[in-house]
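Notes for the structure review
Each chain, written out:
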Amino acid sequence: MPPVRPACPTPAPSLPSGPRGARLAALPALLAGTVLVLLWALLPAGLGAQTPAPPTPATGGAQGAIPTPLEHFGHELGAEGELANWDDLLAYYDQVAAASDRITLDTLGTSTLGRPFVKMIITSEENHRNLDRYREIQHRLADPRTIGSEEEKRALMEEGRTVVLTTSHIHSTEVGAGQVPARLVHRLATTDEPDLLHVLDETILVLVPSLNPDGTQLVSDWWHEWRDTEFEGAPLNRLYHHYIGHNNNRDWFFFAQKETRMTVKGVHNTWRPQIVHDIHQMGSGAARFFVPPYIDPVEPNVDPLLISALNSLGTWIRADMTREGFDGIVTDAIFDIYTPARAYMHYHGGVRILSETASASWARPIEIDFENLGGTADYNAQQMSSNFPSPWMGGRWGLDDVLDYMEAASLTILVNAARNRAFWLDNFVRIHERAVAGWDTWPDAWVIPAGQEYDAGMEQLLRVLTTGDVEVHVAEEGFTVEGRQVPEGSWVVPMQQPYAAFAQTMLEPQEYPDLRQYPGGPPVRPYDATAHSLPLLFGIEAFPVEALPQVSLSAPVERFTEFSFPVPAHLMGADAPRIGLYRSYAEPMPQGWTRWLFDLAGIRYTPLRNDDIRAGGLANDLDVIIFQDQGANSIRNGHSPQRMPEPYAGGIGEEGEAALRDFVEAGGRIVAIDAATDWAIDAFDLGVANAVTDLPSQDFYIPGSILHLDLDPDHEIARQVPTENFAWYWRTSRAFQVSDPDARIVGTYGEGDPRLAGWVLGEEFVAGLPALVDVPMGQGNVILFGFQPNFRGQTVGSWPLFFNALRRNE
């Protein structure tokens, strides 16, 4: 049947205030219906746009008491040179929530450094009175097994609301994302615009205004400390998430950090959003704004209904914003949709609208000439194309522009969610009906045998699956399946359940497609890693079965929510080695992940700054020093003094390298990982070389994959570790050529094709080559890890190797 036309189209929300609003006020009125025509074309037959009900204005008498951002902050949000900090932003949210019947503010807990971590619920006063009921409806639609009939399902969809989750400022130097939520909050708390009143009636907005409050505060403080000096806009002197910096947006399946766990358990799993808008910024030299569709590849366990809905919404956002005069919007470019590390919602029924707005220079505007705009292989920012229909012509670009784009995208998403409530709820329940029925490409169940040796891996797998709301059962009796004996107490994951897609992508090995820029040419670079199989990463076994026999299973187990793993005895107590960890002022994320692991495990260590190393006498206080994945120039020279203020400029220098040589020759041990091995090899003239350094990418490319690793069982590093193991090979990883006859090769990449999961081009260049080497030097030694033993915390199965390397030389 043909789409149903709305009886009375409602006007779009007014444009953001400021110069852009003034410029666009004169747009021809005939464009006003364009977005609705496009919307009807995108909707499935029989699910036309929802006819807007008469708006219900909020009735709270306190509405007039809501302060404007100017009144609260003393400047407009987006004003040149100004960045509100988390303390001031939180105070504003608290004030608005206290004054408005449309907004509630809830504290989910505290951040890593102890700041309040909050979410806001924004909806009509009437909806606020029924939030528990709407949350119940979301959960029932997410689990069709709880719905007794088609009539009941239709009644729930008619009663329910579209839930939109907006998350912001996970990456703290993307400063506009920290400011725009306050603009959005004020707009929705005070609006009397018909379309936005309709939004408040038909949707429930769950807003997390900062996914990293510590970073929001840090970046504002740093900006204001150096504003109007030669170091204004200097890079931070630390990671903007205390432990993991930019990787806080790569934690959406391992759930390592407090902020991730609070968001997953307190927001995603509580509200089951149909739409998630994740607000980011990108570089300034090409498009002004990105929204999906994404580029290939698509992770194969994401439901086609979800992908189609995501693509239609992203295209609609571009159309609506372009209609309103926002130029330079690109789709189908830059970002793929493969790794679940950035897309928890894709396995839980929600579409992820990643929006990326071009950056200014923190809170300063920049000037960009049109002829200097670039692009990618997917588009040219100087040319009109199907995925980039309205180029931006260059000129001034400031923080106010950044906020205008972010606010416009946020509002158009909400308008779509309100007008198309029937579609979003119907699509949501269909996705979960398909999951409960099981896919043809999925097994009947996964089995995780009991009695495996590595308890830490087992605990982490169960923690991840149950945090992701996967139903995991215990076999109450032993059974035989497909010729295998499965002992009592084993774990069983039936694949006919709402979040089976999450279980499948976590448990199966990945087969990443071989994508080239042209036949035989360089690879199309993945946006992130190409492997994430948890049994491989955690060092345990899980296997699929095509037909699970009749077996007595427990009820789904309680969630495993906390980290728990044994630390080797040699790292604890009075006799533990004295460990130093180089902590650069240009700190790479693997250094932070190492601090996280040590703090979590209770392993004592000393952070070493450049001055600490240059001072010498290291053997008096330390037995082992770790250099995580960091380039040789960064270790030696650090930040330029023209770019960074004292004492944050510089590196360890020649003086520091001499002190480290003395440390090793006196009996100390240095552990160098990934790119830091280049520095160690050069600094200490080791008889080892990087075997893959000059290979072109069309011949050799491993962008984050899991490889087979063979270990020497007689070496102390391989003590009590399976000799057939795995290695995480990242873009900065290495394979070695060893010429020093005294060096011991502790581990080699597997012979033949070493790939266990992910994408490997040119496996012959690493197959059988040394991956882990112990090089003697004086009375001490240097351990070279060519692979990363603690990649984003996820390589739980490699932790024993890493821990074993942290031994004092006897």
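This text goes with the structure placed above it.
Residues numbered from 1 in each chain as written. Predicted model: local features only at pLDDT ≥ 70, side-chain atom pairs only at ≥ 80, totals over all residues. Heavy atoms only, no water.

Section: the overall build of the chain
Assigned secondary structure in the chain consists of 23 helices and 32 strands. Taking 810 residues into account, the globule formula puts the C-alpha radius of gyration at 28 Å, and the chain, at 27 Å, falls close to it. Overall size of the chain, expressed as C-alpha extent along the three principal axes, is 85 × 70 × 55 Å. Relative to its full complement of 810 residues, the chain shows a buried share of 62%. (Helix = DSSP H or I, 4+ residues; strand = E, 2+ residues; numbered from the N terminus. Rg over C-alpha atoms; globule rule 2.2 N^0.38 Å. Buried < 20%, exposed > 50% of the residue type's maximum accessible area, 1.4 Å probe, protein only.)

Observations regarding the sheet that holds strand β2 (residues 116-122)
The sheet built from 8 strands is open, its strands ordered β1-β2-β4-β3-β5-β10-β6-β8 with mixed pairing. Each having just a single partner strand, β1 (103-110) and β8 (329-330) make up the two edges of the open sheet. Relative to β8, strand β6 (residues 289-290) is paired through 2 bridges, and the arrangement is parallel. The residue bridging Phe289 from the neighbouring strand is Ile329, located in β8. (Pairing = 2+ DSSP bridges.)

Let's talk about the packing of helix α12 (residues 304-323) against helix α13 (residues 399-419)
In helix packing, the relevant descriptors are the interaxial angle and the interaxial distance, both defined with respect to the helix axes. Close contact between α12 and α13 brings their axes to 10 Å; oriented N to C, the two are set at 120°. Looking at the two axes, α12 sits oblique to α13. Here α12 and α13 pass one another in a crossing that is right-handed. For the pair α12 and α13, contact is made by Leu313, Trp316, Ile317, Asp320 and Met321 and by Tyr405, Ala408, Ala409, Thr412, Ile413, Val415, Asn416 and Arg419, respectively. Residue classes in the contact of α12 with α13 are distributed as 9 nonpolar, 2 polar and 2 charged. (Axes fitted to C-alpha atoms, helices over the stretch in contact; angles between N-to-C directions. Parallel < 35°, antiparallel > 145°, perpendicular 65-115°, else oblique. Left-handed = near helix turned anticlockwise from the far one by under 90°. Contact = heavy atoms within 4.5 Å. Nonpolar A, V, L, I, M, F, W, Y, C, P; charged D, E, K, R; others polar.)

Thoughts on helix α15 (residues 455-467)
With 13 residues, α15 should reach 18 Å at 1.5 Å per residue; the first-to-last C-alpha distance of 18 Å fits that figure. Among the 13 residues in α15, 11 count as buried, and that is most of the element. Where α15 is concerned, the buried positions are Ala456, Gly457, Met458, Gln460, Leu461, Leu462, Arg463, Val464, Leu465, Thr466 and Thr467. Here the buried face of α15 lies against α11 (258-271), β15 (445-448), β19 (491-494), α16 (500-507) and α17 (534-538). Phi for Asp469, located one or two positions after α15, is positive at around 65°. (Expected span 1.5 Å × (residues − 1).)

Let's talk about the packing of α12 against helix α14 (residues 421-437)
Contact pair α12 / α14: the axes reach a minimum separation of 9 Å and the direction vectors enclose 155°. As judged from the angle between their axes, α12 and α14 are roughly antiparallel. For the pair formed by α12 and α14, the contact residues are Pro304, Leu305, Leu306, Ala309 and Leu313 on the first element and Phe423, Trp424, Asn427, Arg430, Ile431 and Arg434 on the second. Classifying every residue of the contact of α12 with α14 gives 8 nonpolar, 1 polar and 2 charged.

Some points on the pattern of salt bridges
What the rule picks out here adds up to 51 salt bridges. Residues Lys119 and Asp106 are paired through a salt bridge, measuring 3.6 Å at the closest nitrogen-oxygen approach. Here Lys119, found in strand β2, pairs with Asp106, found in strand β1; they are 13 residues apart in sequence, far enough to count as distant. Residue classification places Asp106 among the partly exposed positions, given a relative accessible area of 31%. (Salt bridge = Lys/Arg side-chain N within 4 Å of Asp/Glu carboxyl O.)

Things to note about unusual backbone geometry
Omega for the peptide link from Asp296 to Pro297 comes to 10°, which places this bond in the cis form. Residues Glu646 and Pro647 are joined by a peptide bond in cis, for which omega reads 5°. Secondary-structure assignment places Pro647 in the loop between α20 (632-637) and α21 (653-665). Residues other than glycine seldom take positive phi values, yet Asp332 does so here, at roughly 55°. Accessibility expressed as a relative area gives 34% for Asp332, which makes it partly exposed. Phi is positive for Glu482, which is not a glycine, with a value near 50°. Within the fold, Glu482 resides in the loop between β17 (479-481) and β18 (484-486). For Glu482, a relative accessible area of 51% puts it in the exposed group.

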